[in-house]
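Single-letter residue listing:
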Amino acid sequence: MTLLTARHLVKRFGGFTALDGVDLDLGRGERLVICGPSGSGKSTLIRCINRLEEPDSGTITIAGLPSTDLQALRRRVGMVFQQFNLFPNLTARENIAIAPRKLLGLSRAEADARAEALLDRVQLAGHADKLPSGLSGGQQQRVAIARALAMEPVLMLFDEPTSALDPEMIREVLDVMVELGQGGMSMIVVTHEMGFARRAADRIGFMDQGRIVAMAPPQQFFDTPPHPRLVRFLDNILGH
Amino acid sequence: MDPVFMAQVLVRLFPPLGLTMLLSVTALAIATPLGLALGAWRAELSDRHPAARLIDAWVFFVRGTPILIQIFAFYFILPKLGLQTPLFGMGVGALVLNSAGYQIEIGRAAVQSVAKGQWEAALALGFDRRASLRQFILPQAARRMVGPVMNELSQLIKASSVLSVITLFELHKAAEAISSANLRFSEVIVVEGFLYFVFIFGISLIAKVFERRLSSAGGLADAGSFAR
Amino acid sequence: MSFDWAAFFEYLPRLIRASGVTLQVSVLSLVLACLLAPALALSRLLGPAPLRTTVQAFVEVIRGLPPLVIIAFCYFALPKLGVVLSGFWCGVLALGVVGAVYAAEIIRSAIESLGKGQLEAALALGFARWRAVLEILLPQALRRILPPLTNEFANLIKASSLLSVISVHEISQVGQSLIFETFVVIEILVQMAILYLIIIGTVTLISRRLEKGLSA
């Protein structure tokens, strides 16, 4: 069953075309990884899905969600940023609880309980009262994932979630994402982590110059790459 | 609002406007090298050095009192010391005292903002501290000071209006004289305000352009405020 | 030339009383500025385009004029428009408006200095823009606002000296009159300087303490 349908997405920034007519489908419970060189439009694509960028033309439909009420849409679509963007003046628990409390109307107790359950789920049970400055990068990103999950989204978007992390912390974040996917969450992940893609993706898409030029399940994607540009990309990224 | 009258006022205010600009630019020309040199020097001194104490005292006095008081100091004290200075000289003197006091901070911040690595590279090559400062640090610091210095010119133009209190016939005093003569306050003030605004706003726009162009080297935050 | 201590102490009480007026004017204009500034800052951040442009134009005009001109406007031009205020209240109005404009800039740049990421994180969770600014960004910005704001208070106190030209009996006006009446110069000037240094020095000290306290 299709969750998300995007057609003919175009987005320009000044003279630069970031998205050049992109079509995308995502099934319910499907895990899609998108990769590609810098400037290929991967971030712009997922930022269009939750309207942090407004496409110049094209349509995006998410099943069961309004397309004109931005806040209602964003409440059901979770996003995890490369720079985590935790609120620095709030503890881990408060970061997770604030949106359910202020936007979903949960009481403080209910929101806190939800926050603590999520902290447990991302393996950060004892850290509820810590400020972001007291957490490592990997821990902060896990809190960020919990914060997005607290709104009970139907779709999770990840914008290069591990690119800003020290190498030894990448694993803990990817593990959370794998577990999330196995639990049935629909996700679109922009990343360079090919190991994760191979392990956890149902399909992998390759973008180049604003278009999706290849899309295939992991085995086909890596073993018989369907596009020359992708062949070169994989050579570079897996070669060293 | 009579546009003909206002045009006449505009023309009559050109010479005093010239005096305002002369005062401001002269003060800037003296205060900027003075302040920046002292600021760069101060960055190098330990806090307990007597020269450091003097400089800090100057900055403390200039920032801790209104510019009016500093103007009074020149206006009332110089004659008592037997120095018959023309009003223009007193005006410039007070503006220099004030502006240099603020630019010491600009100079100090600019020098300190040049990355430590630059110092280390220069010293490692064998330059001594003074030569390093002159050859490598000051040029980089100078680039960061352009914006704040242009901003300082804006501040001086605003401050020059206070010289009206000692009857120096700059723009504000002249406007005041015209409006008390014919009681058409609103119209005169609009013309006066227009003249000040064109220059002050114009300079801050140019300053922003400079800061954007030079921001690859890193700029300093706008220290602009209204009171001196 | 020796220091006339007798004269010093004879005129001190009058100047101390004048300090009271200085403080009153400064505090009242600070209050007005604090009431007006958030309205200005938030209209620039959240308002519809025409409101944003109007407020921005107003802010640029006020910033582009010497305070004396604004004071003169309140005292001489406003009566022609039907608004007649005493020197004291003209002072409060003029300094309050000027202070508000600079305070609004402080607020606005503090919020913008938080970076795009914070706003986006809040928007991505589903906060409407105005709620994101008020409930997520503003609390963070507060600690960046308080120190420069107390510095603006020091500037208001210095600007109060300009009210001497509209006969408000604050320190500069009283001191200047005394000098003209008595020809005692150094002693009175020194008193004026010391009084300002004490008042402004205290405010600066408080500002530094606040800065330390908030950055913890």
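What you see is a predicted model, and the numbers here were worked out from it, not measured in a lab.

Undergrad: Could you give me a rundown of the interface of chain B and chain C, with the residues and numbers involved?
TA: Of the residues lining the interface, 30 residues belong to chain B; the matching set on chain C comes to 34 residues. Where the side of chain B that touches chain C is concerned, the elements lending two or more residues are α3 (67-80), α7 (171-182) and α8 (185-213) of chain B. No other element matches α8(B), which puts nine residues into the side of chain B that touches chain C. By residue class, the composition of the side of chain B that touches chain C is 17 nonpolar, nine polar and four charged.

Undergrad: Now, about the nonpolar core: what can you tell me, with residues and values included?
TA: In this structure, I71(B), I70(C) and I71(C) are the most contacted members of the largest nonpolar core, which totals 202 residues. If you tally residues by element for this core, the top one is helix α4 (residues 87-112) of chain C, at 16 residues. Beyond its immediate chain neighbours, meaning those up to four positions away, I71(B) contacts A94(B), V162(B), L163(B), V165(B) and I166(B).

Undergrad: Residue-level account of the sheet that holds strand β7 (residues 186-190) of chain A, with values.
TA: Residues and elements named next belong to chain A. Pairing within the open sheet is mixed, and its six strands lie in the order β5-β6-β7-β3-β8-β9. Strands at the two margins of the open sheet, each flanked by one partner only, are β5 (77-80) and β9 (211-216). Within this sheet the neighbouring strands show an average axis-to-axis angle of 20°, counted without direction. As paired elements, strand β6 (residues 155-159) and β7 share five bridges and run parallel to each other.

Undergrad: Explain the packing of α4(C) against helix α6 (residues 129-159) of chain C to me, and be specific about the residues and the numbers.
TA: Two measures define how a pair of helices packs: the angle their axes make with one another and the distance between the axes. Residue and element names in this part refer to chain C. Orientation of α4 relative to α6, taken along the N-to-C sense of each, is 145°, at an axis distance of 8 Å. Judged by the sense of rotation from one axis to the other, the crossing of α4 with α6 is right-handed. Residues L95, G99, Y102, A103, I106, I107, A110 and I111 of α4 pack against V133, L137, L138, A141, R144, I145, P148, L149, E152, L156 and A159 of α6. Of the residues contributing to the contact of α4 with α6, the split by class is 16 nonpolar, one polar and two charged.

Undergrad: Pulling in residues and values, what's your account of the interface of chain A and chain C?
TA: Across the boundary between the two partners, chain A contributes 16 residues, which contact 14 residues of chain C. When contributions to the side of chain A that touches chain C are tallied by element, the ones reaching two or more residues are α2 (70-76) and α3 (92-103) of chain A. A per-class count over the side of chain A that touches chain C returns eight nonpolar, five polar and three charged.

Undergrad: I'd like a description of the sheet that holds strand β4 (residues 57-62) of chain A, backed by residues and values.
TA: Where strands meet in a sheet, backbone hydrogen bonds hold them as pairs that are either parallel or antiparallel. Residues and elements named next belong to chain A. Pairing within the open sheet is antiparallel, and its three strands lie in the order β2-β1-β4. Each edge of the open sheet carries a strand with a single partner, namely β2 (16-27) and β4. Neighbour-to-neighbour, the strand axes of the sheet open up by a mean angle of 15°, direction not taken into account. Summarising the sheet, strand β1 (residues 2-13) and β4 pair through five bridges and their orientation is antiparallel. Looking at β4, one finds that T5 is bridged to T61. Strand contacts of helix α1 (residues 42-49): β1, β2 and β4, with the helix running at about 60° to β2, the strand carrying the most contacts.

Undergrad: Any chance you could break down the pairing of strand β8 (residues 203-208) of chain A for me, citing the residues and the numbers?
TA: All names here are of chain A. Burial analysis of β8 places five of its six residues in the buried class, the great majority of the element. Bridge count for strand β3 (residues 31-35) against β8 is four bridges, and the pairing is parallel. Within β8, the position partnered with I34 by the bridge is G205. When β8 meets β9, the two strands line up antiparallel, connected through five bridges. Looking across to β9, one finds that M207 is bridged to I212. Two successive antiparallel strands, β8 and β9, enclose a turn made up of two residues, where Q209 displays a positive phi of approximately 50°.

Undergrad: Before we move on, could you go through helix α7 (residues 171-182) of chain C and cite the residues and values that matter?
TA: Residues and elements named next belong to chain C. An ideal rise of 1.5 Å per residue puts 16 Å on 12 residues; α7 measures up with 16 Å between its terminal C-alpha atoms. Along α7, the residues that are buried comprise I171, S172, Q173, V174, G175, Q176, L178 and I179. Phi for F183, located one or two positions after α7, is positive at around 60°.

Undergrad: Could you give an account of unusual backbone geometry, naming the residues involved and the relevant values?
TA: With a phi angle near 55°, E152(A) is a residue other than glycine that sits in the positive phi range. For E152(A), the position within the fold is in the loop between α5 (137-149) and β6. The class of E152(A) is exposed, set by 12 C-beta atoms lying within 10 Å. Of note in the backbone geometry, F183(C) takes a positive phi value of approximately 60° without being a glycine. Within the element layout of this structure, F183(C) appears in the loop between α7 and α8 (186-214). A count of 10 C-beta atoms within 10 Å places F183(C) in the exposed class.

Undergrad: Break down the environment of S86(C) for me, with residues and values.
TA: Residues and elements named next belong to chain C. Looking at the secondary structure, you find S86 in the loop between α3 (67-77) and α4. Judged by C-beta crowding, with 12 C-beta atoms within 10 Å, S86 ranks as exposed. Between the C-alpha atom of S86 and that of S167, which follows or precedes it by 81 residues, the distance is 9.6 Å.

Undergrad: Summarise the confidence of the model for chain B; cite the residues concerned and give the values.
TA: All names here are of chain B. When pLDDT is averaged across chain B, the result is 86; 93% of the residues are at 70 or more. Summarising per-element confidence for chain B, the mean pLDDT is lowest in helix α5 (residues 116-125) (73) and highest in α7 (94). In this model, residues 216-223 is a region of pLDDT below 50 whose contacts with residues beyond four sequence positions or in other chains number 18 contacts.

Undergrad: Break down the packing of α8(B) against α3(C) for me, with residues and values.
TA: Axis separation between α8(B) and α3(C) bottoms out at 10 Å; the angle between their running directions is 165°. Our classification of the angle between α8(B) and α3(C) gives roughly antiparallel. In this structure, α8(B) crosses over α3(C), and the sense of that crossing is left-handed. Where α8(B) approaches α3(C), its residues F185(B), S186(B), I189(B), E192(B), G193(B) and Y196(B) are matched on the opposing element by V69(C), A72(C), F73(C), F76(C) and A77(C). Broken down by class, the residue content of the contact of α8(B) with α3(C) amounts to eight nonpolar, two polar and one charged.

Criteria and thresholds
- Residues numbered from 1 in each chain as written.
- Chains lettered and ligands numbered in written order.
- Predicted model: local features only at pLDDT ≥ 70, side-chain atom pairs only at ≥ 80, totals over all residues.
- Contact = placed C-beta atoms within 7 Å.
- Helix = DSSP H or I, 4+ residues; strand = E, 2+ residues; numbered from the N terminus.
- Nonpolar A, V, L, I, M, F, W, Y, C, P; charged D, E, K, R; others polar.
- Core = buried A, V, L, I, M, F, W, Y, C linked by C-beta atoms within 7 Å.
- Buried ≥ 20, exposed ≤ 12 C-beta atoms within 10 Å, placed from the backbone.
- Pairing = 2+ DSSP bridges.
- Axes fitted to C-alpha atoms, helices over the stretch in contact; angles between N-to-C directions.
- Left-handed = near helix turned anticlockwise from the far one by under 90°.
- Expected span 1.5 Å × (residues − 1).
- pLDDT = per-residue confidence, 0-100.
- Parallel < 35°, antiparallel > 145°, perpendicular 65-115°, else oblique.

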